[in-house]
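Working through the structure, step by step
These are the residues of each chain, in order.
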Amino acid sequence: AFRDWLLAFGPWAPVVFVVVQTAQVLAAPVPGQVVGVASGYVFGLWAGTLYSMTGTILGATLAFVLAHRYGRSYVERVLSAGTLARFDAVVADDGRLAVFLLFLLPGPPDDAICFLAGITTIPLWQLVVIAFVGRLPSVFLLNLAGAQLASDDLVVATAILVGVVVATAVFYHERERILRFLEDRT
């Protein structure tokens, strides 16, 4: 149904998708993983990855800018105090490596990290580069899964999606250890 809805926009379908992906980062009504698989399903691996990354980076940049502009009090309204305190500890010194690893690892709430990173002292251009490099592998894999679903290669699509789910479960199971590691490294 999503594919039909999107393709009904004709040549504007990629633009509409980028807007949906950008909004997903900012409002998160639908998990980003679902949108990533959908882009690969609708547009194929390469175009889907391009459109997903465009929307993801636009959304991340807007989240960084909103958080930076409206400050900590804005982020405190969006996220729990515990999440904010833990993030503060992880990025206490420099934070670039920690933010990158949080984007790279499957499992952490990437959209929340965008708002949190926006209140660090890391320059905007560096946050955009970190988000791009950190999020590209997972966006690519999700688009690959979607493209495989579209071509009825359920074995490969299932293997990718199971891998993402397992990696996410491992992160959540080991999150305290991972966060302590990041705190010690920054």
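So, a few notes on the structure that sits alongside this text. (Residues numbered from 1 in each chain as written. Predicted model: local features only at pLDDT ≥ 70, side-chain atom pairs only at ≥ 80, totals over all residues. Heavy atoms only, no water.)

**A closer look at the overall build of the protein**
Per the secondary structure count, the protein includes nine helices and zero strands. N-terminal to C-terminal, the α/β element order of the protein is α-α-α-α-α-α-α-α-α. Taking 16 Å as the expected radius of gyration for a compact globule of 186 residues, we find that the protein reaches 17 Å, a close match to that expectation. Per-residue burial over the protein gives 42% buried out of 186 residues. Averaging the coordinates of the 11 positive side-chain charges in the protein and doing the same for the 13 negative ones gives two points 5 Å apart. (Helix = DSSP H or I, 4+ residues; strand = E, 2+ residues; numbered from the N terminus. Rg over C-alpha atoms; globule rule 2.2 N^0.38 Å. Buried < 20%, exposed > 50% of the residue type's maximum accessible area, 1.4 Å probe, protein only. Lys, Arg positive; Asp, Glu negative; His and termini not counted. Charge placed at Lys NZ, Arg CZ, Asp CG, Glu CD.)

**Structural notes on the pattern of salt bridges**
If you walk through the whole model with that rule in mind, you get four salt bridges. We note a salt bridge from Arg135 to Asp111, for which the minimum N-O separation is 3.4 Å. Of this pair, Arg135 sits in helix 8 (residues 124–150) while Asp111 sits in helix 7 (residues 110–117), placing them 24 residues apart in sequence. We classify Asp111 as buried; its relative accessible area is 14%. (Salt bridge = Lys/Arg side-chain N within 4 Å of Asp/Glu carboxyl O.)

**Points about unusual backbone geometry**
One non-glycine residue, Asp152, adopts positive backbone phi at about 60°. Tracing the backbone through its elements, the reader meets Asp152 in the loop between helix 8 and helix 9 (154–185). Note on Asp152: relative accessible area 64%, which makes it exposed.

**Observations concerning the packing of helix 6 (residues 96–104) against helix 8**
Contact geometry of helix 6 with helix 8 gives a least axis separation of 7 Å together with a crossing angle of 30°. Where helix 6 crosses over helix 8, the handedness of that crossing is right-handed. Contacts from Arg96, Val99, Phe100, Phe103 and Leu104 in helix 6 reach Gln126, Ile130, Ala131, Val133, Gly134, Arg135 and Pro137 in helix 8. When grouped by side-chain class, the residues that make up the contact of helix 6 with helix 8 number eight nonpolar, two polar and two charged. (Axes fitted to C-alpha atoms, helices over the stretch in contact; angles between N-to-C directions. Left-handed = near helix turned anticlockwise from the far one by under 90°. Contact = heavy atoms within 4.5 Å. Nonpolar A, V, L, I, M, F, W, Y, C, P; charged D, E, K, R; others polar.)

**Examining the packing of helix 3 (residues 32–43) against helix 8**
The interhelical angle for the contact between helix 3 and helix 8, taken along N-to-C directions, is 50°, at an axis separation of 6 Å. Taken together, the axes of helix 3 and helix 8 are oblique relative to one another. When you trace helix 3 past helix 8, the crossing you get is right-handed. Contact with helix 3, carried on its side by Gln33, Gly36, Val37, Ser39, Gly40 and Tyr41, involves Leu142, Asn143, Gly146, Ala147, Leu149 and Ala150 of helix 8 and no other residues of that element. (Parallel < 35°, antiparallel > 145°, perpendicular 65-115°, else oblique.)

**Examining the side chain of Thr120**
For Thr120, the position within the fold is in the loop between helix 7 and helix 8. With a relative accessible area of 15%, Thr120 lands in the buried category. Within the structure, the side chain of Thr120 is placed 2.7 Å from the backbone oxygen of Ala117, a separation counted as a polar contact. Looking at Thr120, its side chain comes within polar contact range of the main-chain nitrogen of Ile122, at 3.3 Å. (Polar contact = N/O pair within 3.5 Å; in protein donor to acceptor, adjacent residues only side chain to side chain.)

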